[in-house]
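Here is how the chains run, residue by residue.
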Amino acid sequence: MLKDKKIILGVCGGIAAYKAVELLRLFTKAGADVNVVMTRAASEFVTPLTFQTLSSNPVHTELFNLIAEQEIGHISLADRADLVVIAPATANVIGKIASGIADDILTTTVMATKAPVLFAPAMNVNMYTNPIYQENEAKLRRFGYFFESPVTGALACGWEGSGKLASPEAIFESAASILTEKDLDGRTILITAGPTREELDPVRYITNHSSGKMGYAIAKAARRRGATVLLISGPTSLPAPAGLQLIKVSSAVEMLNEVMVRVADCDAVIKAAAVADYRPVVRESSKIKKSGDSSSIRLVKNPDILAELGRMKSSSNLQTILVGFAAETDSLAENAAIKLNLKNLDMIVANDVTQSDAGFNVDTNRAVIFFRDGSSKSCDLMSKDDLADVILDQIAMQIRETP
Ligand code: PMT
């Protein structure tokens, strides 16, 4: 999504400047070509060498640097950019740009670029709520500049309140969203993610290795593409993605209930969750005591949520596109085809979960997407973010083709 995009990362002087290092790492990991531009004050907090090493590009700190001007001037840097992100952005720099002042390398670059500009402000709460600052931000928003608002928390100055730099992940998401075509605008997509937890007693449960990474990647990609996203998630340790509705569940039955009340409003349902097929017949109210050398647990079948949706689709006028996942350890194509037909799906994403770089709890995946008409699409090893976009491309195409 950000592969080969040219991003200028502007860093202003503030204690949050160190977080720009993590943001740079997220950008480069996503394949972006990042040029860092720092104010003089910023280099008091983090050395240019840190950014230079991590970006593999020279860092720009001076407006008139003879060598840098000869190699790539600040204007051509501004011309080549696909996006400018300023994080942290101080009240001073935002005020200067709002007033048309360009007196250093960063303000000059922002004034000279035609690329979209995203500010991530960070400052003391009283500075942030000061009407002068607020008017400057409102003015820049009117001119089409983007903002990732600060969050509330303990500030470095000792105050508590709004003004804390948004997380690098949230700034990254905003940046990615700005550069993404909104081909799912006006569409509602429901995604399930993560494992389910089937409780045996107050301290034990049955679950699986799903981390939620695949489902969350799809949810974030759909959000970037303009969809209204409902993410129904089993227990995971992933942070809640911004800009979507996150519904947390624990068991398969809870997941079923949350899916069923929402499905009628959805253009597509993507079931990346690893739902437990069985749950204990009885959930004991107190901890099961140890007794004897062996023990057994009686299980009962869980509802198959996807099969239930498939039945609804064949017996009602439900138009929702149904996308399943198949976690397979053998006979990938055969097993996926059986699930596609049995559950009445439009497509199924089959992944071989025996491979160390695919399936459960890794950042990459390798899959084959099988379609209802018998065709298929192979997706070689790629990041879960990239696979998410391939799946959404197929959904966007089906939506376009539906009269
Ligand atoms: O979460 P990660 O760590 O990123 O791992 C990703 C993943 C391996 C979990 C994901 O890529 C994946 O394969 N998800 C589906 C796992 C699964 O339960 O597969 P299945 O073949 O058992 O089920 C087939 C389909 O039916 C799935 O879409 C599943 O959500 C759905 N199902 C299954 C059982 C059930 N009771 N209800 C269901 O809806």
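Residues numbered from 1 in each chain as written. Predicted model: local features only at pLDDT ≥ 70, side-chain atom pairs only at ≥ 80, totals over all residues. Heavy atoms only, no water.

Engineer: Requested: an account of unusual backbone geometry, with residues and values cited.
Structural biologist: The linkage connecting Ala87 with the following residue, Pro88, adopts the cis geometry, with an omega of -5°. Assignment of secondary structure puts Pro88 in strand β3 (residues 83-89). Non-glycine residue Ser56 carries a positive phi angle of around 60°. With respect to the element layout, Ser56 can be found in the loop between α3 (48-55) and α4 (66-71). We classify Ser56 as exposed; its relative accessible area is 62%. One non-glycine residue, Ser331, lies in positive phi territory at about 40°. Along the chain, Ser331 falls in the loop between β16 (321-328) and α14 (332-342). Exposure remark for Ser331: the relative accessible area of 40% places this residue in the partly exposed category. (Helix = DSSP H or I, 4+ residues; strand = E, 2+ residues; numbered from the N terminus. Buried < 20%, exposed > 50% of the residue type's maximum accessible area, 1.4 Å probe, protein only.)

Engineer: Before we move on, can you summarise the domain arrangement of the chain with the specific residues and values?
Structural biologist: Taken domain by domain, the chain comprises domain 1 (6-178) and domain 2 (188-401). Between the C-alpha centres of domain 1 and domain 2 the distance comes to 38 Å. (Domains from an automatic or database assignment.)

Engineer: Could you give an account of the environment of Glu181, naming the residues involved and the relevant values?
Structural biologist: Within the secondary structure, Glu181 is located in the loop between α10 (168-178) and β8 (188-193). The sequence separation of Glu181 and Val259 amounts to 78 residues, and the corresponding C-alpha distance is 28 Å.

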